[in-house]
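Breakdown of the fold
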Amino acid sequence: MNNPQLRPYKAWDLPVRIFHWVNFTAVIGLIIFGLLMLFKKELGITSIEAKISLKTIHVIIGYVFVLNLAVRIFWGFIGNRHARWRSILPGRGFVQALRDYRASVSAGKPQQFIGHNPPGRLAVCALLLLMVVMASTGLIRAGTDIYYPPFGSLVAGYVAAPGTDPASLVPYDPTGMEPSRAEALKAFKDPFGIIHLYTAYMLMFLIVIHIFAVVFVEVREGGSLISAMFSGNKVLSGKPVNGES
Ligand code: HEM
């Protein structure tokens, strides 16, 4: 490093970096297959088999997404200082930290942080919250639409007509279903589909903002935010506000 003022700080531990890139890849896959399902008619996808295949691929990627998210939530309790919920969730002193950061930006000398800066903490909370909603509504729809785990066998058991083996039910085929229960199931699952879709729109919007914000902050303040998600190290030119790690 030529500039003697620049110094690397350990920011993101390995599990956080693995989470980030697995999440990135899974979310892109989920968006692609989600949009294919959403625009199936426009794309000329009409056969039941194709619809079920798209849903099945989306759900399988969804399991990777859910498992990865669950590990990250757990890691927030035991990971390094910057991975922990204590450093992310806005708690006592957060409003003051946000004001101080804004004042430092207005003064042209933005405060430097090893982990997230205060607006970054808000963005991460919003992203994680939306992803938890996507995960839970997605798992419910996986059970109610194609009888996939973790709720699929429960749903099939509920909707199967007396004397029908629940395992013999086929998605999109009413054969073997008790009609009144099939109707009740539809009324139950529809709101989850609506929440899933509108949360997906919000998530896509926030992802675009997140990418712009990271690039903007890196250009304005340095700190090598983007490469830090690969190397784990942030390179700062001043003393970080949130101490050494
Ligand atoms: C970032 C995460 C996710 C995104 C962006 C996403 C996006 C989408 C989109 C755009 C649709 C189409 C909605 C429609 O056709 O009305 C969809 C449907 C669906 N998703 Fe996801 N999804 C995500 C996570 C998940 C997960 C984790 C699962 C389950 C493991 C899942 C299961 C489903 C199912 C079963 C459907 C079909 C529902 C229907 O036909 O209305 N999704 N998703």
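Scroll up to find the structure.
Summary of the structure given here. What you see is a predicted model; the values in this text were computed from it and never measured.

Turning our eyes to something else, we now look at the overall build of the protein. Looking only at helices and strands, the protein features 8 helices and 2 strands. In sequence order, the protein lays out its α and β elements as β-α-α-α-α-α-α-α-α-β. Here the C-alpha radius of gyration of the protein, 23 Å, is well above what a compact globule of 245 residues would show, namely 18 Å. By residue count, 36% of the 245 residues in the protein fall in the buried class. For the protein, the share of sequence-separated contacts (at least 6 apart) that also reach a separation of at least 24 residues comes to 70%.

Along the chain, Pro149 connects to Pro150 via a cis peptide bond; the corresponding omega equals 5°. The topology assignment puts Pro150 in the loop between helix H5 (118-146) and helix H6 (152-159). A positive phi angle, close to 55°, is found at Tyr147, a residue other than glycine. The phi torsion at Tyr172 lies on the positive side, around 70°, for a residue other than glycine.

Moving on, we come to the coordination of the iron atom of the ligand. Protein-derived ligands of the iron atom of the ligand are His58 (NE2) and His196 (NE2), with the metal-ligand distances lying across 2.0 to 2.1 Å. Classification of the site at the iron atom of the ligand rests on its 6 donor atoms, whose angles at the metal span 87 to 180°, yielding the label octahedral. Placement of the pair is His58 in helix H2 (residues 48-78) and His196 in helix H7 (residues 179-221), with a sequence separation of 138 residues. When its relative accessible area of 14% is taken as the criterion, His58 is described as buried.

Let us look at the packing of aromatic side chains. Tallying each qualifying case throughout the model produces 5 aromatic pairs. Pairing Trp21 with Phe230 gives two aromatic rings, centres 4.6 Å apart and planes at 20°, and the pair type is stacked. Here Phe230 lies in helix H8 (residues 225-231) and Trp21 lies in helix H1 (residues 14-38), a separation of 209 residues in the sequence. For Phe230, a relative accessible area of 54% corresponds to the exposed category. Ring plane angle 50° and centroid distance 5.1 Å describe the contact between Phe188 and Phe192, whose orientation is recorded as tilted. One end of the pair is Phe188 and the other is Phe192, both in helix H7 and 4 residues apart, which spans about a single turn. Given a relative accessible area of 44%, Phe188 falls into the partly exposed group. Residue Phe192 is classed as partly exposed on the basis of its relative accessible area, which comes to 22%. Feature note: the residues Trp21, Phe24 and Phe230 constitute an aromatic cluster, connected by ring pairs. A cation over an aromatic ring shows up here: Arg72 above the ring of Trp85, its NZ or CZ 5.6 Å from the ring centre.

Attention shifts here to the side chain of Arg121. When you line up the elements, Arg121 lands in helix H5. Buried charge without a salt bridge: Arg121, with Asp100 as the nearest opposite-charge side chain at an N-O distance of 10 Å. Side-chain polar atoms of Arg121 contact the backbone oxygen of Ser87, separated by 3.2 Å. For Arg121, the contacting residues outside a window of four places in its chain are Arg86, Ser87, Ile88, Leu89, Pro90, Gly91, Phe94 and His116.

Turning to the site of the ligand, a few remarks are in order. Around the ligand, the structure places 22 residues, and the nearest of them are Lys55, His58, Gly138, Arg141 and His196. The side chain of Arg141 places a nitrogen or oxygen atom 3.2 Å from an oxygen atom of the ligand. Every element with two or more residues in the shell around the ligand is listed here: H1, H2, H5 and H7.

About the thresholds
- Residues numbered from 1 in each chain as written.
- Predicted model: local features only at pLDDT ≥ 70, side-chain atom pairs only at ≥ 80, totals over all residues.
- Heavy atoms only, no water.
- Helix = DSSP H or I, 4+ residues; strand = E, 2+ residues; numbered from the N terminus.
- Rg over C-alpha atoms; globule rule 2.2 N^0.38 Å.
- Buried < 20%, exposed > 50% of the residue type's maximum accessible area, 1.4 Å probe, protein only.
- Contact = heavy atoms within 4.5 Å.
- Donors = N, O, S within 2.8 Å, 3.2 Å for Na, K, Ca; no water.
- Tetrahedral: all angles 85-135°; square planar, octahedral: opposite > 155°, others 65-115°.
- Phe/Tyr/Trp six-rings, centres within 6.5 Å; stacked < 30°, edge-to-face > 60°.
- Lys NZ or Arg CZ within 6 Å of the ring centre and 35° of its normal.
- Lys, Arg positive; Asp, Glu negative; His and termini not counted.
- Salt bridge = Lys/Arg side-chain N within 4 Å of Asp/Glu carboxyl O.
- Polar contact = N/O pair within 3.5 Å; in protein donor to acceptor, adjacent residues only side chain to side chain.
- Near = heavy atom within 4 Å.

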